[in-house]
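# Structural overview for review
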Amino acid sequence: ITNPSCLWLYYPGSHYGNFVDNLRLYVRGGSGGMGLPRLGGQGGKGGDVWVVAQKEMTLKRVKDKYPQKRFIAGVGTNSSVRALRGQKGEDQEVLAPPGITVTNDDGMVLGKLNTEGDRVLVARGGQGGSYHSEFLPSKGQTRQIRLDLKLIADLGLVGFPNAGKSSLLTALSHAKPQIASYAFTTLRPEIGKVMYEDHKQISVADLPGLIEGAHMNRGMGHQFLKHVERTRQLLFVVDVCGFQLASKTPFRSAFEAVQLLIKELELYKEDLPCKPAVLVVNKMDLPDAEDKLAELQEQLLNPHEFSHLLPDDMLPKNNMVFRHVVPISAATGFGIAHLKTCIRQSLDKDASMATDSLHRDRLQALCTAYSKRQVL
């Protein structure tokens, strides 16, 4: 390890960066059914494609379940002697999490899914054949659409109460959150802006502190975890000396705090710990902090050897990979400049990967369109 102030950790078999906050889909409404000229019958309308908000759904699940990312509605039935008016084709629903903005490839907003049950029509079905169309049906609407999870910030601070998240936000940005030496000083998201010399701005959200059992809505529970979903990356903050929420609750070391934080995210939504993350080890100005940091670093590099420190039901299913582990003191300013550098590197890496992915998608679409023209 050449630079102990900004460690890169790798756990064999672990993955990170799998959290999906935007998705590009091909949608097509169903074609209408044929009319029946000799009896004046009208064909059924083609089915529509809708994007529907469902609480338990994630964009990653959509991507995994439909790897082709194609959604095509049903065809309207033809008019017949038995049924002069054809039946409408079956609608196709794309389930997505609340907090989604639906746009086309040009960035035009087609609709927003704010709460469960909200629906956005993204591709209309074609009209059935009738007298006005010489009984010939029309094709359904075809579109490339994007589902984007609305983000409240680039980074979300994740930590147990009194880990120093609010102090860190103050040290990083110009935000002035409430700060005190007791738990739950943050009751709502506080957004700060980190400024860089090249005028780049990064938004950081100080979210209400987690407690054990947050996934069951204890403490700020779901209110916190709902906001975690809407940040691009996570900034874990732990007290190097550990913490104890109250006299009747057990003391947790820094390593135990990290494991419990991951577990709470995992129990709320399994893919939340897949977000890219940086671990900030705060309060390095306290006595014995260096020894405790060394102990934490060893535990993070070999987490399975220390799994006995927590009951089995409190251990996360998978170890989380932190892109950087950065020791700081929000109180004295130690390590803050280097942390800003690590944050910028992590976000720039994701932006570059997203741009490459978009270019690949567009190139693939162009190749597909060209191949179809060659066949015709």
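Worth saying up front: this structure is predicted, and the values here are computed from it rather than measured. (Residues numbered from 1 in each chain as written. Predicted model: local features only at pLDDT ≥ 70, side-chain atom pairs only at ≥ 80, totals over all residues. Heavy atoms only, no water.)

Phi angles above zero are rare outside glycine, and F135 is one such case at about 65 degrees. Note on placement: F135 falls in the loop between strand 7 (119-123) and strand 8 (142-149). Relative accessible area serves as the criterion here: at 12%, F135 is assigned to the buried category. At K283, a position not held by glycine, the phi torsion is positive, near 65 degrees. (Helix = DSSP H or I, 4+ residues; strand = E, 2+ residues; numbered from the N terminus. Buried < 20%, exposed > 50% of the residue type's maximum accessible area, 1.4 Å probe, protein only.)

All right, on to a negative patch on the surface then. Together, D288, E290, D291, E295, E298 and E305 make up a region of like negative charge exposed at the surface. Relative to the assigned elements, E298 resides in helix 5 (residues 289-301). A residue is classified by how much of its surface remains accessible, and E298, at 46% relative accessible area, is partly exposed. (Patch = residues over 30% accessible without salt bridge, like charges linked within 9 Å, V, L, I, M, F, W, Y side chains within 5 Å. Areas by Shrake-Rupley, 256 points an atom, 1.4 Å probe, with all protein chains shown as cover. Salt bridge = Lys/Arg side-chain N within 4 Å of Asp/Glu carboxyl O. Lys, Arg positive; Asp, Glu negative; His and termini not counted. Charge placed at Lys NZ, Arg CZ, Asp CG, Glu CD.)

Should pLDDT be low for a region, the predicted coordinates there are not to be read in detail. In this model, the protein carries an average pLDDT of 84, and 85% of its residues clear a pLDDT of 70 or more. Note that pLDDT drops below 50 for residues 1-17; the model gives that stretch 40 contacts with residues more than four away or on any other chain. Low pLDDT (under 50) marks residues 177-187, which in the prediction has 30 contacts with non-local residues, meaning those over four places away or in another chain. (pLDDT = per-residue confidence, 0-100. Contact = heavy atoms within 4.5 Å.)

Remark on secondary structure: sheet strands pair via backbone hydrogen bonds, oriented parallel or antiparallel. Read across the open sheet, the five strands follow the order 3-1-8-5-6; overall the sheet is mixed. Looking at strand neighbours, the two that pair on one side only are strand 3 (70-72) and strand 6 (109-113), the edges of this open sheet. Each strand of the sheet is rotated relative to its neighbour by a mean of 25 degrees, with strand direction disregarded. Here strand 5 (residues 100-104) runs beside strand 6; their pairing, made up of four bridges, is antiparallel. Bridging from a neighbouring strand, I100 pairs with L113 of strand 6. (Pairing = 2+ DSSP bridges. Axes fitted to C-alpha atoms, helices over the stretch in contact; angles between N-to-C directions.)

The next point concerns the sheet that holds strand 12 (residues 231-239). Reading across from one edge, 10-11-9-12-13-14 is the order of the six strands in this open sheet, with mixed pairing throughout. Each of the sheet's edge strands pairs with one partner strand only, and the pair in question is strand 10 (190-195) and strand 14 (324-327). Each strand of the sheet is rotated relative to its neighbour by a mean of 25 degrees, with strand direction disregarded. Pairing geometry for strand 12 and strand 13 (residues 277-282), over six bridges, is parallel. Within strand 13, the position partnered with V237 by the bridge is V280.

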